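Structural overview for review
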Amino acid sequence: MDFIDQLAQFCKNNLILSSVHTNDRGTPIIELDKIKHENDVALLEAPSSLMDTDLSRADTFDLRVQVLVQNASQKTAKDDSWLMFNILKQLPKQYGEAYKTITSADSTFELITMRGVTPPQKIDESEHGASLYSSLLSAELLIN
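The following paragraphs examine the structure supplied in this document. (Residues numbered from 1 in each chain as written. Predicted model: local features only at pLDDT ≥ 70, side-chain atom pairs only at ≥ 80, totals over all residues. Heavy atoms only, no water.)

A word on the overall build of the protein
Let me state the cut-off plainly: Numbering of helices and strands starts at the N terminus; helices are DSSP runs of H or I of at least 4 residues and strands are runs of E of at least 2. Using C-alpha atoms as the atom set, the radius of gyration is obtained and then compared with a globule rule of 2.2 Å times the number of residues to the power 0.38. For the exposure calls, accessible area comes from a 1.4 Å probe over protein chains only, and a residue counts as buried if that area is under 20% of its type's maximum, exposed if over 50%, partly exposed in between. We call two residues in contact whenever any of their non-hydrogen atoms come within 4.5 Å of each other. To measure how exposed things are, a 1.4 Å probe is used in the Shrake-Rupley method; for residues, cover is taken only from the protein chains shown.
When helices and strands are tallied, the protein shows two helices and nine strands. From first element to last, N terminus to C terminus, the protein shows the α and β order α-β-β-β-β-β-α-β-β-β-β. By the compact-globule yardstick of 15 Å for 144 residues, the protein fits well, its C-alpha radius of gyration being 15 Å. Counting over 144 residues, the protein shows a buried share of 40%. Within the protein, counting contacts between residues at least 6 apart in sequence, those at least 24 apart form 61% of the total. Element-wise, carbon and sulfur atoms account for 48% of the exposed surface of the protein, whose accessible area totals about 7,900 Å².

What follows is the structure, encoded as structure tokens:
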């Protein structure tokens, strides 16, 4: 299942985040395992509930995602954390004629809904003074 990868792609394509670092070509990078840079964003799979069965007998899965944002500026880290939390917890959503959602590249899931579990909080400060914020989101996925 490619949900975390597709979530990272959605963030890179739809959100303007000052905390992401870029590669040599200027392409934003969102880490999928840990914070690696002074200014960085990471999406980590968090412990989730077991599969459940909905009324139509299709398998659903509650996938938890921890969002980590670190920046040398505490205000920027906080602002980016809240931007991600507020936008992602509303998905899927209709914006005018545009429908925004996370879609699977390999057809393994469909996003039913996302919700905020824990709002952004400052949890640490790096040895260089960068602020680290964490939030937790839950995605209800229909497993294909």
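Some remarks on the pairing of strand 5 (residues 59–71)
To be explicit about the condition: Between any two strands, at least two bridges found by DSSP are needed for them to pair.
Within strand 5, 10 of the 13 residues are buried, leaving the element largely enclosed by the surrounding structure. Sheet analysis places strand 3 (residues 40–46) next to strand 5, joined by seven bridges and oriented antiparallel. The residue bridging Leu43 from the neighbouring strand is Val67, located in strand 5. When strand 5 meets strand 9 (residues 131–143), the two strands line up antiparallel, connected through 12 bridges. Considered in strand 9, the bridge of Leu63 is made with Ala139.

Considerations on the environment of Val65
Position of Val65 among the secondary structure elements: in strand 5. For Val65, a relative accessible area of 0% translates into the label buried. The spatial distance from the C-alpha of Val65 to the C-alpha of Ala46 is 5.3 Å, given a sequence separation of 19 residues.

Some remarks on unusual backbone geometry
Between Leu91 and Pro92 the backbone carries a cis peptide bond, its omega angle lying at -10°. Phi angles above zero are rare outside glycine, and Ser107 is one such case at about 60°. Here Ser107 lies in the loop between strand 7 (98–100) and strand 8 (109–125). Residue classification places Ser107 among the exposed positions, given a relative accessible area of 53%.

A look at the side chain of Ser134
Filter applied, for reference: Throughout this description, a polar contact denotes any pair of N or O atoms lying within 3.5 Å of each other; where both atoms belong to protein, one of them has to be capable of donating a hydrogen while the other can accept it, and for residues adjacent in sequence the pair is counted only when both atoms sit in side chains.
Here Ser134 is to be found in strand 9. For Ser134, a relative accessible area of 12% corresponds to the buried category. Within the structure, Ser134 has its side chain in polar contact with the side chain of Gln66 (distance 2.9 Å). Discounting chain neighbours no more than four positions away, the residues touching Ser134 are Gln66, Val67, Leu68, Pro119, Pro120, Gln121 and Ile123.

Quick word on helix 2 (residues 74–88)
What counts here: Take the residue count of a helix, subtract one, and multiply by 1.5 Å to get its expected span. Note that the arc is computed from the directions linking the helix axis to the C-beta atoms.
End to end, helix 2 covers 21 Å across 15 residues, agreeing with the expected 21 Å (1.5 Å per residue, within 8%). Among the residues of helix 2, those classed as buried are Ala77, Asp80, Ser81, Met84, Phe85 and Leu88. The arc that holds the buried residues of helix 2, viewed along the axis, is 130°, so those residues lie on one side. At its buried positions, helix 2 is contacted by helix 1 (3–14), strand 3, strand 5, strand 8 and strand 9.

Thoughts on the pairing of strand 8
The pairing of strand 8 with strand 9 spans 12 bridges and is antiparallel. Residue Leu111 lies in a different strand from strand 9, and its bridge partner there is Leu141. Linking strand 8 to strand 9, which pair antiparallel, is a turn of five residues; within it Gly129 sits at a positive phi near 90°.

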